Amino acid sequence: MVVGRGSVWRSFGVRRDIVKHDIDIYHGLSNEIPFTLKISNIKSVVTIHDLIFDHFPEYYPGVDRKFYDLKSKFAVKNSDLILAASEATKIDIMKFYHIAPSKIKVVYQSCDDIFYTHLNKEQINATIKPYNLPAEYILYVGSINERKNLLNICKAYLLIPKEKQVPCIVVGNGKTYSDTVKAFIHENKLQDKFIFLENVPTEHLPALYQKALSFIYPSLYEGFGIPVLEAMVSGCPVLTSGISSLPEVGGQAAF
């Protein structure tokens, strides 16, 4: 196994190690293969998780978006096989890069094994006790950015009678958009309905999912959407968007 040492090494320097170790097939795990790989006549596979930067270029600085696009475009055109995280991602690869569908195989992702272990009531309560959470809550897990659409969850609370509003636990980090969401919550006096938890250890997430009344994930675009899978295998009812890959991942098991 050749271990990565940074972006420049993955794009250029890794070829020397591949040749040195007599590698037969190189697998680019996230939207890229080395630009110099083809001159070595080594077979390659690339996994494309998503093309968010093509769907929402406004969320990325110009240089970053162009670099992501350059690497992904080179990878799909020069690899021998493309693995897409979903049918939605496969369609995006065909749409944005004009790749023949015969070159793309859909391979769905999984989640960490810890989510498949169901905890008893005592284990759940012991894990979440330090967070001092309400007895009942709905759960959101994910980055706090425009694409994840957390602000619309907050707006939805204004349509629900106060006596029926269940607190929402938000697990994730964010920057400017997070400030926007929190400002909306403050302006509309929803502070007691939204609890933000940052830097939650992965090993605590199964208990948070299993205790929740439901999991809510109204994302505007996902290449796969692993939190939806985490919630489902945890036995937590899922409410998610009906767009991009999310209908594939949730299937008939999600609302």
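Higher on the page you've got the structure.
Residues numbered from 1 in each chain as written. Predicted model: local features only at pLDDT ≥ 70, side-chain atom pairs only at ≥ 80, totals over all residues. Heavy atoms only, no water.

**Considerations on unusual backbone geometry**
Inference 1: Backbone geometry at His 98 places phi at a positive 55°, although glycine is not the residue there.
Inference 2: Examined against the element boundaries, His 98 turns out to sit in the loop between helix 4 (87-97) and strand 4 (104-106).
Inference 3: Since its relative accessible area comes to 67%, His 98 is described here as exposed. (Helix = DSSP H or I, 4+ residues; strand = E, 2+ residues; numbered from the N terminus. Buried < 20%, exposed > 50% of the residue type's maximum accessible area, 1.4 Å probe, protein only.)

**Observations concerning the packing of aromatic side chains**
Inference 1: Scanning the entire structure with this criterion turns up eleven aromatic pairs.
Inference 2: The interplanar angle of 45° and the centroid separation of 5.8 Å between the aromatic rings of Phe 53 and Tyr 68 together place this pair among those described as tilted. Of this pair, Phe 53 sits in helix 2 (residues 52-55) while Tyr 68 sits in helix 3 (residues 62-78), and the two are 15 residues apart along the sequence.
Inference 3: For Phe 53, a relative accessible area of 6% translates into the label buried.
Inference 4: The interplanar angle of 70° and the centroid separation of 6.4 Å between the aromatic rings of Phe 56 and Tyr 221 together place this pair among those described as edge-to-face. Taken as a pair, Phe 56 in the loop between helix 2 and helix 3 and Tyr 221 in the loop between strand 8 (214-217) and helix 9 (226-233) lie far apart in primary sequence, 165 residues in all.
Inference 5: Judged by its relative accessible area of 4%, Tyr 221 falls in the buried class.
Inference 6: Here the guanidinium or amino end of Lys 182 rests over the ring plane of Phe 196, the centre of that ring lying 4.9 Å away. (Phe/Tyr/Trp six-rings, centres within 6.5 Å; stacked < 30°, edge-to-face > 60°. Lys NZ or Arg CZ within 6 Å of the ring centre and 35° of its normal.)

**Concerning the side chain of Ser 241**
Inference 1: Relative to the assigned elements, Ser 241 resides in the loop between strand 9 (238-240) and helix 10 (246-250).
Inference 2: According to the relative accessible area criterion, Ser 241 is buried, its value standing at 13%.
Inference 3: In this structure Ser 241 touches Tyr 217, Pro 218, Ser 219, Leu 246 and Pro 247, once residues within four positions along its chain are discounted. (Contact = heavy atoms within 4.5 Å.)

Geometric descriptors of this kind do not, in isolation, establish any biological role.
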